[in-house]
Amino acid sequence: MVRLALVCSLVLYSAECNAFGQSGTDTQKPRPIDAEYRKFDELASFLRARNTKQFAIASPKGIDEGSFVLLGGIEQWVTVRGQDRDNTVLLFLHGGPGDVTNPWAFALFAPWEKHFTVVQWDQRGAGRTLRKSGPKVAPTITVDRIVQDGIELAEHLRKRLGKDKIVVVGHSFGSIIGVLMARARPDLFLAYVGTGQVADEPRNYGVAYNALLNKARAVGDPAAVDELTRVGPPPYKSGEGFGVQRKWSNAFEGADQFLSGTIGLTLVAPGNSVQDLNDSVDGQMLSGERLVPQTKLMGPKELGLEFAIPVYFFQGAEDFTTPTELARQYLESIKAPRKAFVAIEGGGHFSVFMKSDQFLKELVSRVGRPTVKP
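Small disclaimer: the values here were computed from a predicted structure and weren't measured.

*Asks:* Talk me through the nonpolar core; I want residue IDs and the actual numbers.
*Replies:* Ranked by internal contacts, the top residues of the largest apolar core, which has 52 residues, are Leu-91, Met-181 and Phe-313. The dominant element in this core, judged by the number of residues it contributes, is helix α5 (residues 143-161), at eight residues. Setting aside its immediate chain neighbours within four residues, Met-181 contacts Leu-91, Leu-93, Val-147, Gly-150, Ile-151, Val-168 and Phe-189.

*Asks:* Just give me the short version of the sheet that holds strand β1 (residues 63-71), but keep the residues and values in it.
*Replies:* The eight strands are arranged β1-β2-β4-β3-β5-β6-β7-β8 in an open sheet whose pairing can be described as mixed. Looking at strand neighbours, the two that pair on one side only are β1 and β8 (339-344), the edges of this open sheet. Strand-to-strand twist of the sheet, defined as the mean angle between neighbouring strand axes without regard to direction, takes the value 20 degrees. Two strands pair when backbone bridges link them, and strand β5 (residues 166-171) and strand β6 (residues 189-195) are joined in this way by six bridges, in the parallel orientation. Following the sheet pairing, Val-167 is matched in β6 by Ala-191.

*Asks:* Outline the pairing of β5, supporting the account with residue identities and numerical values.
*Replies:* Within β5, six of the six residues are buried, which leaves the element mostly enclosed by the surrounding structure. Burial of the side chains of β5 extends over both faces: Ile-166, Val-168 and Gly-170 are buried on one face and Val-167, Val-169 and His-171 on the other. Judged from the four bridges that link them, strand β3 (residues 88-93) and β5 form a sheet pairing that is parallel. Bridge assignment links Phe-92 to a residue of β5, and that residue is Val-169. Following the backbone out of β5, through helix α6 (residues 173-184) and into the adjacent parallel β6, one traces a crossover that is right-handed.

*Asks:* Now, about the pattern of salt bridges: what can you tell me, with residues and values included?
*Replies:* All chains considered together, the criterion is met by 20 salt bridges. Put simply, Arg-203 and Asp-200 hold a salt bridge, and the shortest N to O gap is 3.7 Å. Using a relative accessible area of 39% as the deciding quantity, one classes Arg-203 as partly exposed. Residues participating in the shared-partner salt-bridge network are Arg-124, Arg-145, Asp-149 and Glu-152.

Reading guide: rules and limits
- Residues numbered from 1 in each chain as written.
- Predicted model: local features only at pLDDT ≥ 70, side-chain atom pairs only at ≥ 80, totals over all residues.
- Heavy atoms only, no water.
- Core = buried A, V, L, I, M, F, W, Y, C linked by side-chain atoms within 4.5 Å.
- Buried < 20%, exposed > 50% of the residue type's maximum accessible area, 1.4 Å probe, protein only.
- Helix = DSSP H or I, 4+ residues; strand = E, 2+ residues; numbered from the N terminus.
- Contact = heavy atoms within 4.5 Å.
- Pairing = 2+ DSSP bridges.
- Axes fitted to C-alpha atoms, helices over the stretch in contact; angles between N-to-C directions.
- Right-handed = clockwise from strand over helix to strand, strands pointing away.
- Salt bridge = Lys/Arg side-chain N within 4 Å of Asp/Glu carboxyl O.

In structure tokens form, the structure reads like this:
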């Protein structure tokens, strides 16, 4: 899977360079752009058709659906995939804001589909949901509205799939939506699992900065030490400081290769096209503009301290984006029937994807039992 993602990314890069005559050592007259991209599209189409066959749900009790569901007054894109309808339903809440996983997670979540019925949802203002509604929905893109959309989706899934309760897994921004859904309607959920868990937004960048600087010094990386020291700790007067933090958090978490690979996976995913990549970018821009200001002051009290369902955090042992230390402190302050903090060794902010095998083992162990409605 990783090699496929890297190959696709390299092919895309090569096509772009050749199409615009930026190959460096190639002195030949470049071919027309249309011809280059037509060749690339043929390759992407071939890989897409191959992946459609390879990742098809063929089991008699399986399910593979993708459709628009009316949530909060607009149609929103939802996919449902699993090898056995009797398995526990798992609703995955993507991060971002607006960073949909539907376009590229087909290969990563395939092993999960043996144990769970995996539901992915392009949230309001993101992905295919944004394509369907258009940007006119911008005024309705609020944290509260997305939480209510998620609750409506959970109710729909219970009826559609015949389950009493479902599991909700929230990643990064999705972890904000997830804890608020779990607090508001615990009757709908078997458990909440957070990863890349947002815990204390007012403190987030300051704690992340200190962790990054300590990491840079520990591994002896002078470039990282110099850049982080130059911009200093937050708050920042410009976007440069945030850019430096993100640069080194991705570097120390090993996320750069993974994030680039998702571009290739998007282009070769079953049923996809380049439009899905464009939708993702558009959704991240619009959603970030609307939602980031709404979450800046969210700390443990705003996220919630008392839960009526089990709460688990599967956090990368070295998450420099939503710091591991803050997630651990947040869970310690929570009251819940059961709770556990699981450190994913060798993982960072994207452990749910980059360490998906470890993540899956924890899911199966803690929440992977069937929940059929009586």
